[in-house]
Amino acid sequence: MRGGSYLSIILLAACSPAAAAARYQLIPGTFEEGRQPDGNSIILDAPKGLIVIDTGRHKAQQDKILAAAKARGKPIAAIINSHWHLDHTGGNQEIRAAYPNAKIVASNAVVGALSGFLKDSRKGAEDYLAHEKVDAAQEAEIRGDFAAMDDRADLIPTDPVTKSERRVIAGRPLDIHLAPYAATEGDVWVYDPRSKTVFAGDLVVAYVPFLDTACVEGWARAIHEINAVPFTTLVPGHGKPMNRAAFTQWRTAFHKLIDCADSKAGKDECIAGWKRDAAPFVAEIAPRKIDGLLGYYLDQRLRGPERNKYCPAKPS
């Protein structure tokens, strides 16, 4: 996964006439030291073209997507964004520059993010550029994020997801699920009944739940709903595909982490518990990265004043 390596995983449902239509291609994301991550990208075949689930953040990820489409000899007809975080949407502009007719299937949560979280994040990044010494690679990455934020036409959905339903996208039937107030205000996860595969976005992250814009209670509900569908494979937003047993282990680790955060246990105890319970999923990541992420989330999101910041307002 490191160093921009390119791994494609093709899964076929069966050796039958429907097999070609059931396959998917995974272009793994990256999580390199000193860089923002790329989420996993998935390519699905459809009768009217290709469907891309999440487009990554960096040009290298988009180059792999475009190369895969060229190799298939089919246009990209639709992009499904699991959520608005830029490591999943930052490549929309590049993909649609090559395939301008590609539809964007996503929730409308990005609209609020552009005037809220992303606006605040941009201000912080602009201050950082103005006052800190930044190398050329870091500056290019930050300015790439600015360009993605400015390109609203390639972030706001052309085909909004406002409820969970079966949709036919580019001629392929998919179960599109909306999870309100979970990892973001509106997460989209996909169940493909042909291959019995869930594409979970950041509702499942192998390394550690990314809680930056999360409502924990809604996230737990979304995981429960994912568990209820008859999948055999789940592709997380970051990390390797999971079978049902692996997902069950990750799900159990998630609930134990939240329970620990809600207890009087020390922060180090909760971090150690996650690394123990989620051991198969964190092995590829430096322990200090896990420690840093979870330490921040415990202080700011799970135990701090922002625990309910991204949850729906309760009636007064």
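Placed above this text is the structure.
Residues numbered from 1 in each chain as written. Predicted model: local features only at pLDDT ≥ 70, side-chain atom pairs only at ≥ 80, totals over all residues. Heavy atoms only, no water.

(A) Inspection of the overall build of the protein at higher detail. The number of helices and strands found in the protein is 12 helices and 13 strands. Here the C-alpha atoms of the protein give a radius of gyration of 19 Å, agreeing with the 20 Å that 2.2 N^0.38 yields for 316 residues. Along the three orthogonal principal directions, the C-alpha set of the protein runs to about 55 × 45 × 45 Å. Per-residue burial over the protein gives 53% buried out of 316 residues. (Helix = DSSP H or I, 4+ residues; strand = E, 2+ residues; numbered from the N terminus. Rg over C-alpha atoms; globule rule 2.2 N^0.38 Å. Buried < 20%, exposed > 50% of the residue type's maximum accessible area, 1.4 Å probe, protein only.)

(B) Inspection of the environment of Cys270 at higher detail. In this fold, Cys270 is placed in helix α10 (residues 267-277). Residues Cys270 and Pro28 lie 242 residues apart in sequence; the distance between their C-alpha atoms is 28 Å.

(C) Looking closely at unusual backbone geometry. Residue Asp54 is not a glycine yet carries a positive backbone phi of 70 degrees. With respect to the helices, strands and loops of the structure, Asp54 is situated in the loop between β4 (49-53) and α2 (59-72). Asp54 sits in the buried class, given a relative accessible area of 2%.

(D) Representation of empty space enclosed by the protein within the structure. Going through the model one piece at a time under the given rule, you end up with 4 cavities of 30 Å³ or more. In this structure, the largest cavity encloses a volume near 60 Å³. Lining of the largest cavity is provided by Asn81, Ser82, His83, Trp84, Thr89, Ala106, Ser107, Val110, Leu155 and Gly186. (1 Å grid on protein atoms, 1.4 Å probe; cavity = no way out; pocket = protein on both sides within 12 Å on 5 of 7 lines; lining within 4 Å. Points joined across faces, edges and corners; volume = space filled by probe spheres on them.)

(E) Local environment of the packing of helix α8 (residues 216-227) against helix α9 (residues 244-261). Closest axis-to-axis distance for the α8/α9 pair is 11 Å, and the angle between their directions is 160 degrees. Our classification of the angle between α8 and α9 gives roughly antiparallel. The two elements α8 and α9 cross, and the hand of that crossing is left-handed. Mapping the contact onto sequence places Val216, Trp219, Ala220, Ile223, His224, Ile226 and Asn227 in α8 and Arg244, Phe247, Trp250, Arg251, Phe254, His255 and Ile258 in α9. Looking at the contact of α8 with α9, its residues break down into 9 nonpolar, 3 polar and 2 charged. (Axes fitted to C-alpha atoms, helices over the stretch in contact; angles between N-to-C directions. Parallel < 35°, antiparallel > 145°, perpendicular 65-115°, else oblique. Left-handed = near helix turned anticlockwise from the far one by under 90°. Contact = heavy atoms within 4.5 Å. Nonpolar A, V, L, I, M, F, W, Y, C, P; charged D, E, K, R; others polar.)

(F) Molecular detail of the nonpolar core. Counting 48 residues, the largest nonpolar core has Trp219 and Trp274 as the members making the most contacts within it. Broken down by secondary-structure element, the contributors of at least two residues to this core are β10 (186-192), β11 (197-205), α8, α9, α10, α11 (279-282) and α12 (287-302). Looking at this core, the element that brings in the most residues is α9, giving 9 residues. Setting aside residues up to four positions removed in sequence, Trp274 forms contacts with Ala206, Tyr207, Val208, Pro209, Trp250, Ala253, Phe254, Leu257, Ala279, Val282, Ile290 and Leu294. By size, the runner-up hydrophobic cluster in this structure holds 21 residues, among which are Leu26, Leu44, Ile53 and Ile80. (Core = buried A, V, L, I, M, F, W, Y, C linked by side-chain atoms within 4.5 Å.)

(G) Quick peek at the state of the cysteines. Counted by the stated rule, this structure contains 2 disulfides. Disulfide pairing is shown between Cys215 and Cys311; the S-S distance is 2.1 Å. Looking down the S-S bond of the Cys215 and Cys311 bridge, the torsion is 100 degrees, so its handedness is right-handed. One end of the pair, Cys215, is in the loop between β11 and α8; the other, Cys311, is in the segment after α12, with 96 residues separating them in the sequence. Judged by relative accessible area, which is 2%, Cys215 ranks as buried. Overall, the relative accessible area of 15% leaves Cys311 in the buried class. Numbered by order of appearance in the sequence, the disulfide-linked cysteines of the protein pair as 1-4, 2-3. (Disulfide = S-S within 2.5 Å.)

(H) Expanded view of the pairing of β10. Here β10 lies mainly inside the structure; 7 of its 7 residues are buried. Looking at chain direction, strand β9 (residues 172-180) and β10 are connected through 6 bridges and run antiparallel. Among the inter-strand pairings, His177 is bridged to a residue of β10, identified as Trp189. The turn linking β9 back onto β10 is made up of 5 residues, and Tyr181 within it adopts a positive phi angle of 50 degrees. As paired strands, β10 and β11 are joined by 3 bridges and run antiparallel to one another. The residue of β11 that forms the bridge with Asp192 is Thr197. Following β10, the chain reverses through 4 residues before pairing antiparallel with β11; Lys196 in that reversal takes a positive phi of roughly 55 degrees. (Pairing = 2+ DSSP bridges.)

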